[in-house]
Amino acid sequence: MKILDWYILKRYLTTFLFTLLILIPIAVAIDIAEKVDKFLREENLTLFEIVNDYYKNFIIYYANTFMPLALFIAVILFTSKLASNTEIVAINSSQVSFTRFLYPYFIGATIVCAIALSMNHFFVPSSSKTRKAFEKKYLKKKKYSDTTIREFSLQLNDSTYVYVQNFDLNRNSGYNFSIDLYDGIKLKSKLTADNINWKKKDSTFQLHNWKERKIFKERDSIFSGRSLDTTFTFTPEDFNYKNIMAQEMNSPELVKFIEVSRKRGIKNLNAYLVELYKRTSLPIASYILTLIAVGLAHRKSRGGIGVNLAIGISVMFIYVFFLKVAEVLGAVAGANALLNVWVPNIVFGLYAIYLYFNARR
């Protein structure tokens, strides 16, 4: 690290933090304006709870969300400033190659990437859990308890499907339960019950007003009764686990959830895979966005910083658009979630490489 490297790295990080600190208060101010009446309506809600449980985690979430945008704008701003002050011309005149010029930029990108990776995989999910719990308690109207699972379905394997209309995790009881067994595409048997209770001591389920229909080639058999104790290859923990939002699980929890779900035979886990993969792909984009920003702003232009900034923001919005489309396509059943999540980075990575070779001429 030479004096020039420290100079560029310092400008890189300070401009990035400055840009981020401009965006966050704007987001907070807009959110306060939208929710202040809801805060005032809650008599038991204190200022400490609003700040500590909601806005502290709100800032963590949006700081992580705005990080790529802040990084891109920051690099364009200070690189354009270097170019307009002919500092880059002086650097080139001193026989510093464009590749060597990028060295401190990539050190800065590595620092930002490391912070983003730790936040995405660990801090933001736990922060989101606290923030969303606050929103459920004070900001959203609730028809049902947070411990009540509604319209729950689970595929245990290729031939067995479970459905329960309502299940209370505190009472370990629910109603309108059914379990279907298929032979290929044909229904083989169906067991239904008005009520279902979990007996934790015996690790069994108790069905009330149950009815079982077994389908044969020539006739069907129907059995029924008032009460039946039986076992299944699932427990109420599976109801609770599947109900947790992917954004609220840190990466080890999310990986464990995906593994358990695969063992259960759940087919489409792409929404969870997209969430897991993008926690890595977005931080890695720090390098790509940095290279694009330098490639766009390293030469002095007639329009000055404004033109470079306008072009940069346009490129950034195109990237965000690609990212959102890729997430939606990646969550579709049968799609390659990993490939879809990385497509924006691949496309813009190729653009960054083009700018790099163009800048070396």
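Residues numbered from 1 in each chain as written. Predicted model: local features only at pLDDT ≥ 70, side-chain atom pairs only at ≥ 80, totals over all residues. Heavy atoms only, no water.

Colleague: Describe the UniProt feature "transmembrane region" (unreviewed entry) in the protein, and please don't skip the residues or the numbers.
Modeller: In this numbering, the UniProt entry assigns the feature "transmembrane region" (unreviewed entry) to residues 59–80, 101–123, 280–298, 305–325 and 337–357. Helix and strand shares over residues 101–123 are 96% and 0% respectively, and the end C-alpha atoms of the span are 33 Å apart. Across residues 280–298 one finds 95% helix and 0% strand; the C-alpha atoms that close the span lie 28 Å apart. (UniProt positions renumbered as here; feature names shortened; annotations may be inferred. Helix = DSSP H or I, 4+ residues; strand = E, 2+ residues; numbered from the N terminus.)

Colleague: Outline the packing of aromatic side chains, supporting the account with residue identities and numerical values.
Modeller: The tally for this structure, following the rule as stated, stands at 28 aromatic pairs. Here F177 and F232 contribute two aromatic rings whose centre-to-centre distance is 5.6 Å and whose plane-to-plane angle is 45°, an arrangement assigned as tilted. Taken together, the residues span a long stretch of sequence, with F177 in strand β3 (residues 173–183) and F232 in the loop between β6 (220–230) and α6 (236–243) at a distance of 55 residues. Comparing F177 with F232, the two get one shared label, buried. Ring plane angle 90° and centroid distance 5.2 Å describe the contact between Y319 and F348, whose orientation is recorded as edge-to-face. Residue Y319 is located in helix α9 (residues 305–330), and its partner F348 is located in helix α10 (residues 337–360); the two are separated by 29 residues in the primary sequence. Here the aromatic residues F39, Y54, Y55, F58, Y61, Y62, F66, F134 and Y138 are joined through ring pairs into a cluster of three or more. (Phe/Tyr/Trp six-rings, centres within 6.5 Å; stacked < 30°, edge-to-face > 60°. Buried < 20%, exposed > 50% of the residue type's maximum accessible area, 1.4 Å probe, protein only.)

Colleague: Describe a nonpolar patch on the surface, listing the residues and the values that go with them.
Modeller: On the surface, a cluster of nonpolar side chains totalling about 510 Å² of accessible area is made up of I318, F321, F322, V325, L329 and V347. Residue contributions to the nonpolar patch peak at five residues, all from α9. Relative to the assigned elements, F322 resides in helix α9. (Patch = residues over 30% accessible without salt bridge, like charges linked within 9 Å, V, L, I, M, F, W, Y side chains within 5 Å. Areas by Shrake-Rupley, 256 points an atom, 1.4 Å probe, with all protein chains shown as cover. Salt bridge = Lys/Arg side-chain N within 4 Å of Asp/Glu carboxyl O.)

Colleague: Go over the environment of A333 with me, naming the residues and quoting the values.
Modeller: Within the element layout of this structure, A333 appears in the loop between α9 and α10. Judged by relative accessible area, which is 54%, A333 ranks as exposed. Separated by 209 residues in sequence, A333 and V124 place their C-alpha atoms 27 Å apart.

Colleague: Any chance you could break down the domain arrangement of the protein for me, citing the residues and the numbers?
Modeller: Examined at the domain level, the protein breaks down into domain 1 (3–141 + 267–360) and domain 2 (170–239). Its C-alpha centre places domain 1 at a distance of 49 Å from the equivalent point of domain 2. (Domains from an automatic or database assignment.)

Colleague: Break down the pairing of strand β4 (residues 186–199) for me, citing the residues and quoting the values.
Modeller: For β3 and β4, the ladder comprises 10 bridges, and the chain directions are antiparallel. Bridge pairing links S178 to T192 in β4. The turn linking β3 back onto β4 is made up of two residues, and G184 within it adopts a positive phi angle of 75°. Two strands pair when backbone bridges link them, and β4 and strand β5 (residues 204–215) are joined in this way by 10 bridges, in the antiparallel orientation. (Pairing = 2+ DSSP bridges.)

Colleague: Please set out the packing of helix α2 (residues 47–84) against α9 residue by residue, giving values where relevant.
Modeller: Two elements in contact, α2 and α9, have axes separated by 10 Å at closest approach and are oriented at 155°. Considering their axes alone, α2 and α9 lie roughly antiparallel with respect to each other. The handedness of the crossing between α2 and α9 comes out as right-handed. Only I305, N308, L309, G312, I313, V315 and M316 of α9 make contact with α2, whose side of the interface consists of P68, L69, F72, I73, I76, L77, S80 and K81. Taken together, the residues of the contact of α2 with α9 sort by class into 11 nonpolar, three polar and one charged. (Axes fitted to C-alpha atoms, helices over the stretch in contact; angles between N-to-C directions. Parallel < 35°, antiparallel > 145°, perpendicular 65-115°, else oblique. Left-handed = near helix turned anticlockwise from the far one by under 90°. Contact = heavy atoms within 4.5 Å. Nonpolar A, V, L, I, M, F, W, Y, C, P; charged D, E, K, R; others polar.)

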